[in-house]
Amino acid sequence: MTTPVPVSARAVAAKALVAAVQRFPNLDPQVLVTSALDPREARLALAVHRTTLQRWITIEYLLDRHLRQPMRLLEPALRAVLLTAGAQLLFMDRLPAHAVVDESVELARHMVRPGAAGVVNAVLRKLAALVDADAEPDGAGAKSRHAHAGLAWQPAPDRLPLNDGVRPLREPCLPSLDQLDRHLSVATSHPVALVRRWIASFGRAQAITVCGHGTLTPPTIVAGLPTPGPSPGMPRSGGLPGIAADAFVPHEQAGFAVWQGTHEQLVAALHEHPQARVQDPGAARAVAACASLQPRVILDYCAGRGTKTRQLAIQHPQAQIIAAEVDAARLTALRESVAGLANVQVTGISQLDKTMAGRLADLIVLDVPCSNTAVLARRPEARYRFSSASMEQLIALQRQIITRALTFAAPDAHILYSTCSLEPEENAQQVRWITQQGKARVIDELQTLPAGYATTYHDGAYHALLRQRQSV
């Protein structure tokens, strides 16, 4: 019989993971409720929760080495306790191992059953012993820390990538490099089928980079903050009205900045500067590709929560923008996001015929639902959902969206198709499908792979700009 679980960061994270364990690998975006915790504990809970999701395959693989039966056969609450503890021991090196083990043992006693405490204690002590916490920074197998994490880690049977370096292990227990697909799957926590696709598409070296990038903690990047003008004593970062001087630093991509302040400061900054928005440079390239166009009516058919809608409104202030969304929660967020933008009209997909009222769009923007494989550092749970079956369903949905949206296109309209996927079936092949229908020709096309760290960080993305063929 379980007993009430004490409120703590580790308890909140473990309890949330119980539901995820029951649904794995079909995980939806995860939202962790931390309102019962103080700010410091809330940050720890979020870090534990995110790290567990991001490194699930790795943690489970290493835990399985010390269990009598596979993790997948254990009861959900026990799996959740072990997974969150494994995340801390393997990847959160500033947490004392004894504190992680001791509290996890207590969590097992409360969340699972008293007898589970002994299993958790034995397994976690063995896992903690695997971590080479005392390695010299410059020695063989050392945990090295560099400005660019991608330069620090290369595949090895005794090394795991960290956000800012390498985690050495006391023994070479990861799969052999002779099986690079399986090794990368375990070391970076990506499904082996996805790793194989990337090796086939990009080659071994690029696949290693993409897998390593999926282990990073992405920075918060803000677009559209005004650039501070030169003045005596003006700091290089920050220095804008209403924003602390050290709240952000410039990103290498002009017009973007890496936010370093608190969430509360970010909310205040976005309120102070209404044209600013949280957006990755990779995601922004699609809308930027149509900057030279002068559309009168834009249909943003899959507007989501409105980030690209806001970018469109700022880039094309002369255009009337119809932002449509099918999901009720996202529709609410969309309305809030574009509130105050006079040239944006929000509508549900079911009301689109009435909203358009016979109008045709000069620019159709199709940021379609996709597998998210280009943004797995930001969407860690999405990697586990990937499968051939899910890909087929997405392709069919994308084609339904394309077909429906193009009924609102003017005879010579431009079409902007974009995804946050790396998969050719969702990208170039879908664009070729559009052209084969005789409906459009490609003007511009770009696939971006995820890369960089800190002020050079960007997600992957794909976009193609097409021109509708005029009807005869």
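Residues numbered from 1 in each chain as written. Predicted model: local features only at pLDDT ≥ 70, side-chain atom pairs only at ≥ 80, totals over all residues. Heavy atoms only, no water.

### Describing the pattern of salt bridges
Between side chains of opposite charge, a pair can form as their charged atoms come close.
Working step 1: Scanning all chains against the criterion turns up 19 salt bridges.
Working step 2: Here R378 and D280 are joined by a salt bridge, their closest N and O atoms 3.3 Å apart. With R378 in the loop between β10 (361-367) and α16 (382-385) and D280 in the loop between β6 (277-278) and α12 (281-288), this pair connects stretches of sequence that are 98 residues apart.
Working step 3: Residue R378 is classed as partly exposed on the basis of its relative accessible area, which comes to 30%.
Working step 4: One salt bridge in this structure joins R385 and E381, with 3.8 Å as the shortest N-O distance.
Working step 5: Under the relative-accessibility criterion, R385 is labelled partly exposed at 25%.
Working step 6: Overlapping salt bridges, with partners in common, bring together R197, E423 and E425 in one network. (Salt bridge = Lys/Arg side-chain N within 4 Å of Asp/Glu carboxyl O. Helix = DSSP H or I, 4+ residues; strand = E, 2+ residues; numbered from the N terminus. Buried < 20%, exposed > 50% of the residue type's maximum accessible area, 1.4 Å probe, protein only.)

### Re the confidence of the model for the protein chain
Working step 1: In the predicted model, the protein chain carries a mean pLDDT of 91, and 91% of its residues have values of at least 70.
Working step 2: Low pLDDT (under 50) marks residues 136-151, which in the prediction has 38 contacts with non-local residues, meaning those over four places away or in another chain.
Working step 3: Long-range and interchain partners of residues 229-237, a stretch whose pLDDT sits below 50, account for 10 contacts in this model, where long-range means more than four residues apart. (pLDDT = per-residue confidence, 0-100. Contact = heavy atoms within 4.5 Å.)

### With respect to the packing of helix α1 (residues 9-23) against helix α4 (residues 76-91)
Working step 1: Running from N to C, α1 and α4 point in directions that differ by 125 degrees, and their axes come no closer than 8 Å. Judged on the interaxial angle alone, α4 and α1 are oblique. The chirality of how α1 crosses α4 is right-handed. Every residue of α4 that contacts α1 at R10, A13, A14, L17, V18, V21 and Q22 is listed here: P76, A77, R79, A80, L83, T84 and Q88.
Working step 2: The residue makeup of the contact of α1 with α4, split by class, is 9 nonpolar, 3 polar and 2 charged. (Axes fitted to C-alpha atoms, helices over the stretch in contact; angles between N-to-C directions. Parallel < 35°, antiparallel > 145°, perpendicular 65-115°, else oblique. Left-handed = near helix turned anticlockwise from the far one by under 90°. Nonpolar A, V, L, I, M, F, W, Y, C, P; charged D, E, K, R; others polar.)

### Observations concerning the packing of aromatic side chains
Working step 1: Tallying each qualifying case throughout the model produces 5 aromatic pairs.
Working step 2: On the basis of an interplanar angle of 10 degrees and a centroid distance of 4.2 Å, the ring pair of F24 and W56 is categorised as stacked. Here F24 is found in the loop between α1 and α2 (39-54), whereas its partner W56 is found in helix α3 (residues 56-64), with 32 residues between them in sequence.
Working step 3: The partly exposed category is assigned to F24, whose relative accessible area is 24%. (Phe/Tyr/Trp six-rings, centres within 6.5 Å; stacked < 30°, edge-to-face > 60°.)

### Here we look at the state of the cysteines
Working step 1: Enumeration according to the criterion identifies 0 disulfides in this entry.
Working step 2: The structure places no disulfide on C211, whose sulfur is separated from the nearest cysteine sulfur, that of C420, by 17 Å.
Working step 3: The thiol sulfur of C420 is not disulfide-bonded, and the nearest other cysteine sulfur, from C370, lies at 3.4 Å. (Disulfide = S-S within 2.5 Å.)

### Focus on unusual backbone geometry
Working step 1: Each neighbour pair has its own omega, and for F24 with P25 the value is 10 degrees, a cis peptide bond.
Working step 2: For S189, which is not a glycine, the phi torsion comes out positive at approximately 65 degrees.
Working step 3: Residue position: S189 is located in the loop between α8 (180-188) and α9 (192-202).

### Considering the nonpolar core
Working step 1: Counting 70 residues, the largest nonpolar core has W56, L62, L63, L82, V120, L124 and W198 as its most contacted members.
Working step 2: When residues in this core are grouped by element, the largest group, 11 residues, is from α4.
Working step 3: With near-sequence residues (within four places) excluded, W56 lies in contact with L17, A20, V21, F24, L27, R79, L83, S189 and Y384.
Working step 4: Membership of the second largest hydrophobic core comes to 30 residues, among which are M356, A409, A413 and Y417. (Core = buried A, V, L, I, M, F, W, Y, C linked by side-chain atoms within 4.5 Å.)

### Notes on the packing of α8 against α9
Working step 1: With their axes 9 Å apart at the nearest point, α8 and α9 run at an angle of 125 degrees to one another. Here α9 runs oblique to α8, going by the angle between their axes. Between α8 and α9 lies a crossing whose hand is right-handed. Between α8 and α9, the residues in contact are L180, D181, R182, L184 and S185 and V192, V195, R196 and I199, respectively.
Working step 2: Across the contact of α8 with α9, the residue classes break down as 5 nonpolar, 1 polar and 3 charged.

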